[in-house]
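If you want the building blocks of each chain, they are given just below.
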Amino acid sequence: MSRTILVEASPCDASTGIVVPVRLAGGGSKPYTHLGHVDWRSGVMDLPRFQTALGFDDTGWTGGAVPQSAALVFMSGDPLLVSDLGNLYWKDAALTVKVGDDAPDAPTFALLMTATVAAIDVSDGRLTLTIGDMSVALSKPLLSTYFAGTGGIEGDDNAKNRIKRRSWGRVFNVEGFILDEANNIWEFGDPAHPLEEFEIVRDKGRAGDINLIAWQGTIDTTLAALIAAVPPQGGASVAPSIACVKWWTTPSGPLTADIRGEIGSAYVDRVGSIAERIVQSVTGPAIVDAAGADALRPYEVGIHFNDDSETIGSALDRLFFGVSLIWALGADGTIGISPWSFETGYSSPLWTGTGSGSPTWVYASGRSSPVWAYPDVDVELVESESVSRKASYAPMKTRRLGYQKNYRVQSDGEISAAILASDTFYPDGTKVSDLMPQEPAAQVSRNIDADQSAYAFTTTGGVASPGQLPFTFRAYVTAGAADVSILTDWSVTTTGGVTATINNTAGDANRGVVTITGITADGTIVIHATEGTAELQKTVTISTKGILADLSNVGTGDINAGSVAGILSYSGSDVVTTTSEGTIYESPSAFAIGDSVFGVALATISFVHDASAIKDAAFTIRVYVDLGDGAGYIKVIEQVQGIRANNGTDTYLAFPASFPIAVQSTHPIKVKVTQQSVAMSGGTNKDGIWLRNIRLTVIKGAR
Amino acid sequence: MPVITPPVDAGLAAWLKADALYVAAADASIATTWGTKATETTIISPIALEADADTEAARQLRFFEGPLVADQHIVKGLRHDLIGKLIRVKTRAVQALGYDTAQFVFVIAAAESDTSDTTTLTVLKRLS
């Protein structure tokens with residue numbers, strides 16, 4: 001084997017600036033006719049030497065590896081050649097170094113180094129090329145474009161000179177910045193790089209519904225569609241194809257989003273693939289085996305960039321160190337990725353090579369359990385000439401690992417608290433709490449509020465005096481001036497306390513179902529009306545004194561006197577009075593008279609009393625009423641009726657009599673009428689007297 | 001007081017105020033053996049899901065639980081290509097810091113000699 005070194009460089013002619021290809025060679029055992037060229041100049045003294053190191057300290061990795069090279073020395077026996085080379089302009093000239101064995105008939109040369117020349121030195125017949133910093137390729141800023149602030153997708157003045165951010169994979173709580181204040185458009189990245197998805201959009205941490213604005217063919221037309229969109233209430237219209245969002249109103253706090261990042265040729269969310277996209281975005285060094293890294297760490301990952309000072313190198317640090325991978329820039333200008341691990345064998349895909357022998361159990365350093373591996377093949381054995389110990393690192397008992405990185409840390413004040421009804425106002429200044437209770441799923445009625453004034457219940461019309469009841473009032477719902485045919489007649493009658501009924505039989509055929517949904521002790525009657533899909537909720541307040549002006553909530557056109565709601569009538573058999581009090585009539589059961597606000601009933605008992613067989617006879621009529629209040633019968637009338645005849649003969653007299661009573665009760669009542677013979681003054685005869693044609697009439701709801 | 005909208009979920013609010021969600025891998029035997037000499041470290045990863053974070057935290061703890069030492073070896077050849085790789089190292093000398101039998105080490109630095117075809121490797125090795 002004979003090692004041959006081939007150096008190809010591209011210095012410029014000092015006067016014309018034209019690149020002058022220079023080929024230098026060293027070592028080997030054959031003429032320099034390699035790589036299709038015959039103009040190789042002999043004199044390369046040795047291979048360049050490299051130093052490279054990973055950043056490491058007690059907390060773990062601190063940086064990837066970038067090689068540094070020592071100088072490359074060329075010395076020729078021809079001083080004129082060295083002089084001619086020295087007269088070229090070498091600074092920043094591209095340079096590659098290849099090495100190979102020239103013994104084969106068709107030798108191959110591996111790329112050892114790709115670099116640039118930082119400086120040269122010509123002395124003592126030597127040309128010394130100082131290799132430039134190889135980290136230059138990794139020092140490029142990842143973000144380098146800014147919003148112009150010239151309108152449209154370049155944003156308004158708010159966005160001027162703001163960096164255009166980039167995101168790959170899944171990233172969380174990325175803050176949106178205003179792009180077009182007039183149209184409430186917010187950007188979450190470079191509009192030229194479509195995002196896969198806005199998963200969640202939040203205002204002060206409160207997420208809203210999302211509707212998607214699809215790609216419209218161009219960035220400008222997509223932006224126009226987003227501007228024209230009407231976001232769902234409390235939510236956002238999103239256009240991931242231009243990385244923009246329109247929130248439904250001006251956000252009250254940080255507007256943030258969980259994002260699936262850039263699509264590029266296809267959406268990626270694995271670490272190696274994302275690294276590849278990052279370096280490709282700035283035409284940086286190639287990743288050697290991105291798919292291999294994806295397989296090593298098959299995690300769903302993401303990274304967001306918002307700092308124009310961040311370089312590719314620091315981006316790779318952020319991406320790899322958290323997933324136990326390390327990156328190293330090779331001298332050949334490519335980036336290699338490898339796992340940091342002491343473990344071998346099948347548990348790590350890197351070490352599943354095919355050994356020539358049988359796999360065996362081996363002990364990794366410091367491990368008490370053996371692992372399955374091909375020790376001779378999978379892990380290279382290197383023989384050490386000498387060893388020295390340089391540092392010790394404390395054992396680690398706990399490793400905390402952050403995931404779902406939050407790219408916008410929010411303060412307490414930037415997170416939405418509970419929204420109370422008392423803190424919330426309608427545009428007219430009305431507190432939401434003032435309109436409680438609300439009904440779940442209630443919908444906005446059709447202009448009923450606007451029509452209240454037109455049909456408002458006035459105090460005069462709304463307060464009923466005793467005896468006025470029942471009320472009948474009509475509620476209209478109109479749209480503008482036209483009656484839209486929600487027409488409902490309601491009759492509400494109370495008797496002292498609160499009871500109510502609804503007459504829902506009258507009115508236009510299009511009126512909806514009207515029901516009473518609740519009556520409370522304070523006199524509030526909740527009436528629920530529906531019409532089609534609309535729902536109307538009305539509250540009618542009725543006091544024991546009459547209907548209050550709150551009935552104006554319902555609105556009514558007029559009030560008409562009601563009719564008598566019912567008559568109870570009793571016709572009894574003839575009765576002869578007795579010296580003991582006896583019942584003529586008693587209600588077999590209690591009956592309601594609550595058909596009016598005051599629950600008034602008029603009870604009249606009438607009869608004819610006939611003293612044809614007696615003289616000096618008298619009797620007492622008593623009327624009792626049980627008001628249903630637990631007190632039992634109370635006597636409301638006690639009236640003596642009598643006859644005295646002086647002609648000494650039987651006298652036949654017949655007198656009609658009636659006894660009206662008025663009863664008021666919220667409860668069902670009972671009525672009882674009794675008779676009892678009594679002696680009249682100056683007389684002794686207590687014989688019975690015929691009571692004939694007895695009739696009891698109770699008029700319920702009398703007025 | 002009637003509530004129109006409840007506050008943001010407490011778990012979500014906690015995350016919004018933190019820089020990330022966290023999982024922790026802990027080795028009780030290390031804690032018992034080393035007490036306060038043992039470290040607790042934190043890193044934020046680009047991982048999105050908790051299950052993956054659990055796996056990864058355990059993997060990282062296995063590497064760092066150590067204790068680790070940094071050793072320097074002089075090996076033949078120009079071997080800067082070994083950076084970031086797991087290799088086995090064996091010395092010719094006996095009783096040489098345990099390298100008389102091959103040891104698995106992780107290469108964190110490589111410096112090729114300017115004057116000879118040798119390379120100084122700095123490696124991480126488990127001490128126990």
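Analysis parameters
- Residues numbered from 1 in each chain as written.
- Chains lettered and ligands numbered in written order.
- Predicted model: local features only at pLDDT ≥ 70, side-chain atom pairs only at ≥ 80, totals over all residues.
- Heavy atoms only, no water.
- Helix = DSSP H or I, 4+ residues; strand = E, 2+ residues; numbered from the N terminus.
- Buried < 20%, exposed > 50% of the residue type's maximum accessible area, 1.4 Å probe, protein only.
- Areas by Shrake-Rupley, 256 points an atom, 1.4 Å probe, with all protein chains shown as cover.
- Contact = heavy atoms within 4.5 Å.
- Phe/Tyr/Trp six-rings, centres within 6.5 Å; stacked < 30°, edge-to-face > 60°.
- Lys NZ or Arg CZ within 6 Å of the ring centre and 35° of its normal.
- Pairing = 2+ DSSP bridges.
- Axes fitted to C-alpha atoms, helices over the stretch in contact; angles between N-to-C directions.
- Buried area = accessible area lost by both parts, 1.4 Å probe.
- Salt bridge = Lys/Arg side-chain N within 4 Å of Asp/Glu carboxyl O.
- Polar contact = N/O pair within 3.5 Å; in protein donor to acceptor, adjacent residues only side chain to side chain.
- Nonpolar A, V, L, I, M, F, W, Y, C, P; charged D, E, K, R; others polar.
- Arc of directions from axis to C-beta.
- Core = buried A, V, L, I, M, F, W, Y, C linked by side-chain atoms within 4.5 Å.
- Domains from an automatic or database assignment.

Undergrad: Got a sec to walk through the overall build of chain B? Specific residues and values, please.
TA: When helices and strands are tallied, chain B shows 3 helices and 7 strands. In sequence order, the secondary structure elements of chain B are arranged as β-α-β-α-β-α-β-β-β-β. The proportion of buried residues among the 128 residues of chain B is 50%. Within the structure as shown, chain B displays about 5,600 Å² of accessible surface, and the carbon and sulfur contribution to it stands at 56%.

Undergrad: Can you lay out the overall build of chain A for me, pointing to particular residues and giving the numbers?
TA: Secondary structure assignment for chain A yields 7 helices and 43 strands. Split into buried and exposed, the 703 residues of chain A put 47% on the buried side. Looking at chain A alone, contacts between residues at least 24 apart form 64% of all its contacts between residues at least 6 apart. When the accessible surface of chain A is totalled, it reaches about 31,400 Å², and 52% of it is carbon and sulfur.

Undergrad: So what's going on with the packing of aromatic side chains? Residues and values would help.
TA: In this description, a pair of aromatic rings is defined by centroid distance and the angle of the planes. This model, assessed by the stated rule, comprises 14 aromatic pairs over all chains. Between the aromatic rings of Trp168 of chain A and Phe305 of chain A, the centroid separation amounts to 5.9 Å while the plane-to-plane angle is 70 degrees, which identifies the pairing as edge-to-face. Here Trp168 of chain A is found in strand 12 (residues 166-175), whereas its partner Phe305 of chain A is found in strand 21 (residues 302-305), with 137 residues between them in sequence. A network of ring pairs unites the aromatic residues Phe56, Trp61, Trp340 and Tyr393 of chain A together with Phe63, Phe64 and Phe106 of chain B as a single cluster. Positioned above the aromatic ring of Tyr22 of chain B, the side-chain terminus of Arg400 of chain A is 4.3 Å from the ring centre. The side chain of Lys405 of chain A reaches across the aromatic face of Tyr407 of chain A, ending 5.1 Å from its centre.

Undergrad: Give me the sheet that holds strand 27 (residues 396-403) of chain A: which residues, what numbers.
TA: Strand pairing in a sheet is mediated by backbone hydrogen bonds. Such pairs are either parallel or antiparallel. The strand order 2(B)-27(A)-3(B) describes an open sheet built from 3 strands, whose pairing is mixed. In this open sheet, the two edge strands, each paired with only one partner strand, are strand 2 (21-26) and strand 3 (39-44) of chain B. Shown here is a sheet whose adjacent strand axes are inclined to one another by a mean of 20 degrees, direction ignored. With 6 bridges connecting them, strand 27 of chain A and strand 3 of chain B associate as parallel partners. The residue of strand 3 of chain B that forms the bridge with Met396 of chain A is Thr39 of chain B. Its contacts with the sheet put helix 3 (residues 50-64) of chain B on strand 27 of chain A together with strand 2 and strand 3 of chain B, and the angle it makes with strand 27 of chain A is roughly 150 degrees.

Undergrad: Before we move on, can you summarise the interface of chain A and chain B with the specific residues and values?
TA: Opposite the 100 residues of chain A that make contact, chain B presents 101 residues. Buried area between chain A and chain B, both sides added, is near 9,400 Å², and the carbon and sulfur share of it is 60%. Three residues stand out in chain A for area buried against chain B, namely Phe342, Lys397 and Tyr403 of chain A, and they jointly supply 10% of the buried area on that side. Where chain A meets chain B, there are 6 salt bridges. Run the count over chain A and chain B and you get 51 residue pairs in polar contact (both at pLDDT 80 or more). Among the elements that line the side of chain A that touches chain B, the one with the most residues is strand 26 (residues 381-393) of chain A, at 13 residues. Its residues assigned to classes, the side of chain A that touches chain B comprises 49 nonpolar, 26 polar and 25 charged. With 8 bridges joining them, strand 26 of chain A and strand 4 (residues 68-76) of chain B adopt antiparallel strand pairing. Bridge pairing links Arg389 of chain A to Asp71 of chain B in strand 4 of chain B.

Undergrad: An account of the pattern of salt bridges is requested, with residue identities and associated values reported.
TA: All names here are of chain A. Scanning the entire structure with this criterion turns up 30 salt bridges over all chains. A salt bridge links Lys98 to Glu8; its shortest N-O distance comes to 3.8 Å. Within this pair, whereas Lys98 is found in strand 9 (residues 94-101), its partner Glu8 is found in strand 1 (residues 3-9), the two being separated by 90 residues in sequence. One continuous salt-bridge network, built from bridges that share partners, spans Arg170, Glu197, Glu199, Arg260 and Glu300.

Undergrad: For the environment of Glu199 of chain A, give the residues involved together with the corresponding values.
TA: Residues and elements named next belong to chain A. Here Glu199 shows up in strand 15 (residues 195-203). Leaving out residues up to four positions away in the same chain, Glu199 has contacts with Arg170, Ile210, Asp258, Ile259 and Arg260. At 3.3 Å, the side chain of Glu199 and the side chain of Arg170 are in polar contact.

Undergrad: Hey, could you go over the sheet that holds strand 1 of chain A for me, with residue numbers and the actual values?
TA: Residue and element names in this part refer to chain A. With mixed pairing, 7 strands are arranged side by side in an open sheet as 3-2-1-9-10-11-8. Across the chains shown, the open sheet's two edge strands, defined by having one partner strand only, are strand 3 (41-42) and strand 8 (72-75). Here strand 9 pairs with strand 10 (residues 110-123) via 6 bridges, running antiparallel. If you follow Leu95 over to strand 10, its bridge partner there is Ala115.

Undergrad: Talk me through helix 1 (residues 79-86) of chain A; I want residue IDs and the actual numbers.
TA: All names here are of chain A. If you check which residues of helix 1 are buried, you get Leu81, Val82 and Leu85. Viewed end-on, helix 1 has its buried residues packed into an arc of 100 degrees, placing them on one side of the element. Of the residues in helix 1, the exposed ones pointing more than 90 degrees away from the buried face are Pro79 and Leu80. Along its buried surface, helix 1 packs onto strand 2 (22-27), strand 3, strand 8, strand 10 and strand 11 (126-131). The N-cap of helix 1, judged by a side-chain oxygen 3.0 Å from the amide nitrogen of Leu80 a few residues on, is Asp78.

Undergrad: Which residues make up the nonpolar core, and what values go with them?
TA: Grouped together as the largest cluster of nonpolar side chains are 79 residues, with contacts concentrated most on Trp61 of chain A together with Phe106 and Leu124 of chain B. Composition of this core by domain shows at least three residues from each of domain 1 (9-65) and domain 2 (66-128) of chain B. Ignoring sequence-local partners within four residues, the contact set of Trp61 of chain A consists of Leu54, Gly55, Phe56, Phe321, Ile326 and Trp340 of chain A together with Phe63, Phe64, Phe106, Ile108 and Leu124 of chain B. Judged by nonpolar contacts, the second largest core, of 29 residues, contains Leu88, Leu127, Ile131 and Ala331 of chain A.

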